[in-house]
Amino acid sequence: MAKKSEKTNIAEEAPRAVAHPFGDESKKPKDRAGDGVSTPVSRMELLGEKETLERLRNLGKKLADEVIRGEEPKFDLPLRSRSNIVYDEGMKFLRIGEKREERRFVSVGQAKKFMQTIAIANKAKKFISEDLHTSIRGLYYQLKFTLGEDIDEELFSEQSESNELIEDLEVALSVKREDFNLTTDRKGVVAGRLKIRDNFAGEETLIDGTKMGRSGWMVPSDVDNGMELVDVDAKYVLVVEKDALWQRLNEDQFWRKENCIIITPKGQASRGTRRLIRKLADKGLPVYAFTDCDAWGWYIYWTIKTGSMNLAYLGRNFAIPEMRFIGVTMKDIEDYAFLQKLTINAKEVDLKRAEEMLSYPWISTHKRWVEELKRVLKTKKKLEQDALQGQKLTFVGDYVRKKIGEGDLMP
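Reading the values: the criteria
- Residues numbered from 1 in each chain as written.
- Predicted model: local features only at pLDDT ≥ 70, side-chain atom pairs only at ≥ 80, totals over all residues.
- Heavy atoms only, no water.
- Helix = DSSP H or I, 4+ residues; strand = E, 2+ residues; numbered from the N terminus.
- Buried < 20%, exposed > 50% of the residue type's maximum accessible area, 1.4 Å probe, protein only.
- Lys, Arg positive; Asp, Glu negative; His and termini not counted.
- Salt bridge = Lys/Arg side-chain N within 4 Å of Asp/Glu carboxyl O.
- Polar contact = N/O pair within 3.5 Å; in protein donor to acceptor, adjacent residues only side chain to side chain.
- Contact = heavy atoms within 4.5 Å.
- 1 Å grid on protein atoms, 1.4 Å probe; cavity = no way out; pocket = protein on both sides within 12 Å on 5 of 7 lines; lining within 4 Å.
- Points joined across faces, edges and corners; volume = space filled by probe spheres on them.
- Nonpolar A, V, L, I, M, F, W, Y, C, P; charged D, E, K, R; others polar.
- Phe/Tyr/Trp six-rings, centres within 6.5 Å; stacked < 30°, edge-to-face > 60°.
- Pairing = 2+ DSSP bridges.
- Axes fitted to C-alpha atoms, helices over the stretch in contact; angles between N-to-C directions.

A. Spatial organisation of the side chain of Asp-179. Note on placement: Asp-179 falls in the loop between helix 4 (159–173) and strand 7 (182–183). Buried Asp-179, no salt bridge; nearest opposite-charge side chain is Lys-176, N-O distance 4.2 Å. A polar contact is formed between the side chain of Asp-179 and the side chain of Asn-225, at a distance of 2.8 Å. Not counting residues up to four positions away in its chain, the partners in contact with Asp-179 are Leu-47, Thr-52, Ile-128 and Asn-225.

Written out as structure tokens, the structure is:
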């Protein structure tokens, strides 16, 4: 737990440990990484089917008991608004603070949301009990029905309603939505020296990252339940923003020559991809990021590194604070003469993003990042990863190799 003086708060006060409202106190998340973080709100425990069902049942039992006693059914959960997002200087990632809100049934403003949340919890319990998975879109359609024959109102009219409440339920129970058997689109691609055992639909498959051909292995939305890293024989993990550059490196067999693992999130990283990177980092592998030289590419790096504000409640399980950045940087334009002719003009939206990033305390404390962002604002230029191929296609691998070899890394 960071001391108050060590913490940069986006809003107000420092977080502190909060006991889980629906779980056994003896089963609070353990400090598995030895980082001192043990609160459910800052570090979501990885649960199995049994524990997830228990937390759902505990929630239902609590509400039923309140009704039987003649009391108003209600539950509370950590506040997920921006005012309760904290950047922990000690842990180096974004996490949710200690503010909590109450969800009440006997409230004109909250009754429907209360009912919707319980409906989602009930469906999640059903999915787990049946050992079936669906997407968050599939859940929405399961709950899209009218509230009565003569009532012209649906339980859910838009998927955005159910999406938000899934996240509320995640943070209320300290359970990842993947543990509710809810999936999202697959997005990341990986290749390299790792083997994964995948138990799915009654079959066990051994995935070998060195035998994925030109397409690589598509990272699923859930890399925890039924999946196990059984062998990782690599020196480091390289996260490549763009799929095109990942394909370039894959064709060069970069992962084989460098004894590494290459992953592309194909832009902003999905939850599954971020979890896989976190799990590889937990194996002791250094993680390096390779993105476009603009505020958007750099923001992708920072989102993977510190976590995002939207998913701050997932905290330590998704953030990779130890991750380092190799490029592309504005300084590279000075170091590699051929790049000077390959820059493109930054748009107004790029410059605005750069200005926003300068205002983030977790970025503005790093001198090199401030210099890079100010260079973008001053020159109004940016550079794509793809430009590294301007002189010769295989230069991409040479660039990455040189950066890592010389330790030319940014925090």
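B. Inspection of the layout of surface pockets at higher detail. Here the largest pocket is characterised by a volume of approximately 560 Å³. In terms of lining, the largest pocket is formed by 23 residues, of which the most central are His-133, Asn-199, Phe-200, Asp-222 and Asn-225. Breaking the lining of the largest pocket down by element, the ones donating at least two residues are helix 1 (49–68) and strand 9 (194–200). Taken together, the residues of the lining of the largest pocket break down into six nonpolar, eleven polar and six charged.

C. How the structure looks around the packing of aromatic side chains. Evaluation of the coordinates by the stated rule reveals 18 aromatic pairs. On the numbers, 5.1 Å between centres and 50 degrees between planes, the contact of Tyr-301 with Phe-325 is tilted. Here the residue Tyr-301 occupies a position in helix 8 (residues 295–306), and Phe-325 occupies one in strand 16 (residues 324–327), the gap between them amounting to 24 residues. Note on Tyr-301: relative accessible area 1%, which makes it buried. On the numbers, 6.3 Å between centres and 50 degrees between planes, the contact of Phe-395 with Tyr-399 is tilted. One end of the pair is Phe-395 and the other is Tyr-399, both in helix 13 (residues 395–405) and four residues apart, which spans about a single turn. Here Tyr-399 falls in the buried class, since its relative accessible area comes to 0%. Through pairs of rings, three or more aromatic residues link up here, namely Phe-290, Tyr-336, Phe-338, Phe-395 and Tyr-399.

D. The sheet that holds strand 10 (residues 203–208), seen in detail. Taken together, the three strands give an open sheet; going across it, the order is 10-9-12, and neighbouring strands pair in antiparallel fashion. The open sheet has two free edges, formed respectively by strand 10 and strand 12 (227–232), since each of these has just one partner strand. With direction set aside, neighbouring strand axes in the sheet form an average angle of 20 degrees. Two strands pair when backbone bridges link them, and strand 9 and strand 12 are joined in this way by five bridges, in the antiparallel orientation. Residue pairing for strand 12: Leu-194 is matched across the bridge by Val-232. Helix 7 (residues 271–282) rests against strand 9 and strand 12 of the sheet, and its axis sits at about 45 degrees to strand 12.

E. Structural view of helix 5 (residues 243–251). Those residues of helix 5 not exposed but buried are Leu-245, Trp-246, Arg-248, Leu-249 and Asn-250. The secondary structure elements touched by the buried residues of helix 5 are strand 8 (189–192), strand 13 (237–240), helix 6 (254–258), strand 14 (261–264), strand 15 (287–290) and helix 13.

F. Layout of the pattern of salt bridges. Taken as a whole, this structure holds 43 salt bridges when the rule is applied. The salt bridge involving Lys-61 is made with Asp-65; its shortest N-O contact spans 2.9 Å. Pair noted here: Lys-61 and Asp-65 are both in helix 1, with a separation of four residues, about one helical turn. Take Lys-61: its relative accessible area is 52%, and that puts it in the exposed class. Taking the shortest distance from any N to any O, the salt bridge between Glu-384 and Lys-242 comes out at 3.2 Å. Residue Glu-384 is found in the loop between strand 18 (381–382) and helix 13, and its partner Lys-242 is found in the loop between strand 13 and helix 5; the two are separated by 142 residues along the sequence. A network of salt bridges, in which partner residues are shared, links Glu-170, Lys-176, Glu-178, Asp-224, Arg-271, Arg-275 and Lys-279.

G. Structural context of the sheet that holds strand 14. An order of 11-8-14-13-15-16 is seen for the six strands of this open sheet, with the pairing classed as mixed. Of all strands in the sheet, those with a lone pairing partner are strand 11 (217–218) and strand 16, marking the two edges. In terms of strand pairing, strand 13 meets strand 14 through three bridges, oriented parallel. Directly across from Leu-238, in strand 14, lies its bridge partner Ile-262. On the sheet, helix 8 packs against strand 13, strand 15 and strand 16 and is oriented at approximately 160 degrees with respect to strand 16.

H. Structural detail: the environment of Lys-126. Relative to the helices and strands, Lys-126 resides in helix 2 (residues 111–130). On the basis of relative accessible area, Lys-126 is assigned to the partly exposed category, the value being 37%. Residues Lys-126 and Phe-180 lie 54 residues apart in sequence; the distance between their C-alpha atoms is 9.2 Å.

I. Quick look at the pairing of strand 13. Side-chain alternation along strand 13 places Val-237 and Val-239 on one buried face and Leu-238 and Val-240 on a second face that is also buried. As paired elements, strand 13 and strand 15 share four bridges and run parallel to each other. The residue bridging Val-237 from the neighbouring strand is Val-287, located in strand 15.

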